[in-house]
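# Understanding the architecture of this molecule
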Protein chains: 2
Amino acid sequence: MKLNHVGIVVENIGQSAALYQKFFGLEPLSEIVRDDYQGVNVQFLGSDADGTTVELIEPLPGASPARNALEKGGGLNHLCFEVPDINEALARVEGFGVVRVRPPTPAPAFGGRPVAFLLFRGIGLVEFVEIASS
Amino acid sequence: MKLNHVGIVVENIGQSAALYQKFFGLEPLSEIVRDDYQGVNVQFLGSDADGTTVELIEPLPGASPARNALEKGGGLNHLCFEVPDINEALARVEGFGVVRVRPPTPAPAFGGRPVAFLLFRGIGLVEFVEIASS
């Protein structure tokens, strides 16, 4: 699978994006996109549109997994891999100590493509995004 | 800057590499390399030698920053960016609330190229590796 992005939980996307740009030359690759399914705003940053990117994740007000992560200090949160068929990918990994955090939901930041979050024992939080090119 | 890898602290490289291969199709891109400067064994994994890779980090016995990270649960640990000149890169970021965790040291996993670890306020742990191509 291709690594699509590294998700990073931050308190304020605007402030953090400015730091990533200043220190590492990472430029915004998208607008800030609101995702009510996950209760977050997200923005992708990168130095190269073809490379792996960083996803900044800012929890919206209210309870959410991202809010929980922020309250534990935030920072590096998950790896996101591209899969050609999300239901096939989920079926293939379940039954190996993998916990599906929630069913697949559309991701506004990916034009409505389905994403799913899974907790892998010994690995941590992983996102799958259905992208045909992988 | 180009993102070189995402560092992940694990208890046992062999066991974790097998999981990453099984679940995500990530293949070893290197041997397991011992790094006595950091007190760790490391191995790079990826699905594509040109893409961003994952670095599995297994603390050697004894005290080390990686051992501390493992004792807090391990998992996603740092982002590593490529810089053309590590001293120039360090000089450019210091003075902005950035803490240099240790001076540049040779990295056996990068053929002895110098690496440095920095703690960025609001960002977390970041590694710079001196790679001329960036």
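Residues numbered from 1 in each chain as written. Chains lettered and ligands numbered in written order. Predicted model: local features only at pLDDT ≥ 70, side-chain atom pairs only at ≥ 80, totals over all residues. Heavy atoms only, no water.

On the side of chain A, 31 residues touch chain B, which itself brings 31 residues to the contact. Buried surface at the junction of chain B and chain A, summed over both partners, amounts to about 2500 Å²; 73% is from carbon and sulfur atoms. Its largest share of buried area at the contact with chain A, chain B owes to Phe23, Phe24 and Ile123 of chain B, together 29% of the area lost on that side. Summed over the shared surface of chain B and chain A, the result is zero salt bridges. Elements represented by at least two residues in the side of chain B that touches chain A include exactly strand 1 (2-9), helix 1 (13-24), strand 6 (75-83), helix 3 (86-93) and strand 9 (124-130) of chain B. With six residues, the top contributor of residues to the side of chain B that touches chain A is helix 1 of chain B. Of the residues that constitute the side of chain B that touches chain A, the class distribution is 20 nonpolar, seven polar and four charged. (Contact = heavy atoms within 4.5 Å. Buried area = accessible area lost by both parts, 1.4 Å probe. Salt bridge = Lys/Arg side-chain N within 4 Å of Asp/Glu carboxyl O. Helix = DSSP H or I, 4+ residues; strand = E, 2+ residues; numbered from the N terminus. Nonpolar A, V, L, I, M, F, W, Y, C, P; charged D, E, K, R; others polar.)

Here chain B sits on chain A after a turn of 180 degrees about the axis and a move of 0.0 Å along it, with an RMSD of 0.0 Å. Interpreted geometrically, this transformation is the action of a two-fold axis. Comparing interface residues between copies, 100% of those in chain B also lie at the interface in chain A; the contact surface is shared. (Least-squares fit on C-alpha atoms with pLDDT ≥ 70 in both.)

Right, let's get into a nonpolar patch on the surface. On the surface, a cluster of nonpolar side chains totalling about 230 Å² of accessible area is made up of Val99, Val101 and Leu119 of chain A. Here Val99 of chain A lies in strand 7 (residues 98-107). (Patch = residues over 30% accessible without salt bridge, like charges linked within 9 Å, V, L, I, M, F, W, Y side chains within 5 Å. Areas by Shrake-Rupley, 256 points an atom, 1.4 Å probe, with all protein chains shown as cover.)

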